[in-house]
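Observations on chain architecture
Take a look at the letters that make up each chain.
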Amino acid sequence: MTKPSAPKRHLPTSPFKAPVVPAPKHFATGDQVSHDVYGLGRVIGMEEGIAALVDFGSTQMRIPSPYGKMTKL
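Presented here is an overview of the structure given in this document. (Residues numbered from 1 in each chain as written. Predicted model: local features only at pLDDT ≥ 70, side-chain atom pairs only at ≥ 80, totals over all residues. Heavy atoms only, no water.)

1. Some words on the sheet that holds strand S5 (residues 70–72)
Ordered in space as S4-S3-S2-S1-S5, the 5 strands form an open sheet in which the pairing is antiparallel. Every other strand in the sheet has two partners, leaving strand S4 (60–64) and S5 as the edge strands with one partner each. Going across the sheet, the axis of each strand differs from the next one's by a mean of 40°, ignoring polarity. Looking at chain direction, strand S1 (residues 32–35) and S5 are connected through 3 bridges and run antiparallel. (Pairing = 2+ DSSP bridges. Helix = DSSP H or I, 4+ residues; strand = E, 2+ residues; numbered from the N terminus. Axes fitted to C-alpha atoms, helices over the stretch in contact; angles between N-to-C directions.)

Next comes the structure, spelled out in structure tokens:
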């Protein structure tokens, strides 16, 4: 069994651009959000760094971090 490899470091002399790491998204209880699949909703609970509990009106969903399909309005 092989160990997972660590991310490769970017050499300053490389002719290629350094990989861009997006900033983590932060949500708080009461924030209005939009989700690509579920639509508009409001954050009703947070598990910091793990997941957000969001009320979309017809359903409540637990959206796991890193919240790729969810944006704050």
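2. Re the pairing of S1
Taking every second residue as pointing to the same face, the buried face of S1 carries Val 33 and His 35, while none of Gln 32 and Ser 34 on the other face is buried. Pairing of S1 with strand S2 (residues 39–47), which is carried by 4 bridges, proceeds in the antiparallel orientation. If you follow His 35 over to S2, its bridge partner there is Gly 39. The turn linking S1 back onto S2 is made up of 3 residues. (Buried < 20%, exposed > 50% of the residue type's maximum accessible area, 1.4 Å probe, protein only.)

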